[in-house]
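Spelled out, the chains give:
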Amino acid sequence: MLRKNANLQRIGIATKWSKVIYQDVEGYIATEYLTTEEPSSSGAGHIVAIDAGHQAKGNSEQEPIGPGATQTKAKVASGTSGVVSGLAEYQLTLSVAMKVKQELLDRGYQVVMIRETNDVNLSNAKRAQIANESGAEAFVRIHANGSEDSNVHGLLTMCQTSANPYVGSYYEQSKRLSKMVLTECIATTNAADKGIIETDNMSGINWCNLPVTIIEMGFMTNKEEDALMATDEYQNKISIGIANGLDRFFENE
């Protein structure tokens, strides 16, 4: 799959078609879609924070779900795991997050990675704090889903409600970011669209003083979806979808 502004080497041309090389693979593309002009960097000047959900060891110590809250949750849950792949969620999310990082760097973004190793101990509030203090303009938190029903599958995003008592002022921006990421990831993966969930119970959202979305890439408890998510090909599709969603988010500011 070619992304917008991909760099190709043209090695042949006919009336309507050009023979090209892209990432060492030869193929054909309609000549009308090619240009010799230097593409503008879609992400130029924008800073994005990326969080690979979970970590090698969960932390059941409690923290407030938002600033000043009396309700608490575990600092970071252990996550789910793949019924076919055997991958832990924290392994899958980091693999995808690193691909998202490279995709965004290629587009001219500045990228703040919350973690680049599994051996960390970062609570959800701390992850938000890192994003808050980084200068990032958007925060994408990457997760995978699980269900007691192994037939459930699909991709969704999450944000706060408009009545969120902690970060309600970021609702419109977070909802738009969630919509853009969801739409573009569905386009690249052809996954089932499970929509946007609005919730005020996610400490990973409630501590964020910037637009934020959580993407649940698919269900690791579904055999077909788990097997797909374990492949580099599908992970690349997700990373391109996330980057495309961020492009749209910043284009429509």
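Residues numbered from 1 in each chain as written. Predicted model: local features only at pLDDT ≥ 70, side-chain atom pairs only at ≥ 80, totals over all residues. Heavy atoms only, no water.

Lay out the overall build of the protein chain in plain terms, naming residues and giving numbers.
Secondary structure summary: the protein chain contains six helices and 11 strands in total. Within the protein chain, buried positions represent 47% of all 253 residues. Pairs at least 24 residues apart make up 72% of the contacts formed inside the protein chain by residues separated by at least 6 positions. Accessible surface computed for the protein chain: about 12300 Å², of which carbon and sulfur atoms make up 46%. (Helix = DSSP H or I, 4+ residues; strand = E, 2+ residues; numbered from the N terminus. Buried < 20%, exposed > 50% of the residue type's maximum accessible area, 1.4 Å probe, protein only. Contact = heavy atoms within 4.5 Å. Areas by Shrake-Rupley, 256 points an atom, 1.4 Å probe, with all protein chains shown as cover.)

If you had to explain the sheet that holds strand β10 (residues 193-198) to someone new, which residues and values would you point to?
Pairing is mixed in the open sheet, where six strands are placed in the order β7-β4-β8-β11-β9-β10. Looking along the sheet, the strands with just one partner apiece sit at the ends: β7 (110-113) and β10. Across the sheet, the axes of successive neighbouring strands diverge by a mean angle of 20°, strand direction being ignored. Of the strand pairs in this sheet, strand β9 (residues 155-159) and β10 are connected by four bridges, and their pairing is parallel. (Pairing = 2+ DSSP bridges. Axes fitted to C-alpha atoms, helices over the stretch in contact; angles between N-to-C directions.)

Residue-level account of the environment of T213, with values.
Along the polypeptide, T213 turns up in strand β11 (residues 212-219). Here T213 falls in the buried class, since its relative accessible area comes to 0%. When the C-alpha positions of T213 and S178 are compared, they lie 5.3 Å apart, and in sequence the two are 35 residues distant. If we skip the residues at most four places from it in the chain, T213 touches F139, V140, R141, T157, M158, L177, S178 and V181.

Let's hear about helix α1 (residues 89-106): which residues, and what values?
For α1, which comprises 18 residues, the first-to-last C-alpha distance of 26 Å matches the rise-based estimate of 26 Å (1.5 Å per residue) to within 8%. In this structure, the buried residues of α1 make contact with β4 (47-52), β7, β8 (138-145), β11, α5 (223-229) and α6 (232-251). Count one or two residues on from α1 and you reach G108, which has phi positive near 95°. (Expected span 1.5 Å × (residues − 1).)

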